[in-house]
Amino acid sequence: MTTIEKPRAVGFMKVPFWATREFKFLLVVVIMGFAVISVLIFRIGPMLSARGRADLKAERPANPHAWVPQPLSPGAPREVKFDGVLDQVKDATPIDEQDAAYGQILKALSQGTGEALLKDPKLIEYPVFSRMPSELRGTAVRVTALLAGMSTLKLQKAEGNVEWIHRIYLVDVSGTEGYVIDTTEAPPALQKRDLVAADAVFLKLGTYEGRTGPVQAPFLVGRSIRHVKERVAQDPFNIGTVVMGVALLSVLTAIGLTVRMLKKTRTISRVRA
């Protein structure tokens, strides 16, 4: 009698997780997510920031309340300020030069005449400082800008009751227009990029050594600066929010695909068992 043997069950070879089609798809999704985030951070973000600064500079309207001094006609009498020492001031000279005009302004600000000196500050458009420095010299000016830095310096010679001054560096929101103001009073507690305002007397176009070389800016002397409360306008396209959104979406997609693959792997294992 012939015995018929039962066929042996053919075993299935288990496919490694890294060789599955789902794992390859997951890897592609992760790589694409990192690629998109990299493009947003290193390419699109800087381009949007540069465009925003350019638009801010190009679209800023002229201040209708800005004051422009009238050029002096030949032979016309001119107002003599600070005993005529302002006539000796030269533009494009270092701000560290403590000449007679600088000392006279400090002395006036530290005495009772300081209030009258800053009583009617003018709003001046930035290009006017470079165009008409002689006409503006000795004029009380109101400046509003962002705090860029400050330091405390001892005078070479005391002026009135002033022995120390506080040097304030300001810059506008576009980063292209700067001011330097020496004050007789210590500034309040401030942080960089805080919006501040000051009423001060314009002395000259002064020069100083910046991070990238010599810098020329309006140099003023005043009593103090004050913090200006502002409501910051939000950019509708926030690159940080977009990056976080793309990153979160990539992570959620990766988690979803991983869970799906693990469930599928367990189901196949049970069926084969």
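Shown above is the structure to which this text applies.
Residues numbered from 1 in each chain as written. Predicted model: local features only at pLDDT ≥ 70, side-chain atom pairs only at ≥ 80, totals over all residues. Heavy atoms only, no water.

Caption draft 1: Local environment of the pattern of salt bridges. For the structure shown, the criterion picks out 8 salt bridges. Taken together, the shared-partner salt bridges in this structure form one network comprising Asp 96, Arg 167 and Asp 182. (Salt bridge = Lys/Arg side-chain N within 4 Å of Asp/Glu carboxyl O.)

Caption draft 2: Fine view of the pairing of strand β5 (residues 195–210). Buried residues dominate β5, accounting for 12 of its 16 residues. Sheet topology note: the strand β1 (residues 93–94)/β5 ladder contains 2 bridges and is parallel. Note that in β5 the partner of Pro 94 across the bridge is Thr 207. Alignment of strand β2 (residues 140–159) against β5, held across 7 bridges, turns out to be antiparallel. Each residue of the ladder has a partner; that of Val 143, found in β5, is Ala 198. For β5 and strand β6 (residues 213–227), the ladder comprises 13 bridges, and the chain directions are antiparallel. The residue of β6 that forms the bridge with Glu 209 is Pro 214. Adjacent in sequence and paired antiparallel, β5 and β6 are bridged by 2 residues. (Buried < 20%, exposed > 50% of the residue type's maximum accessible area, 1.4 Å probe, protein only. Helix = DSSP H or I, 4+ residues; strand = E, 2+ residues; numbered from the N terminus. Pairing = 2+ DSSP bridges.)

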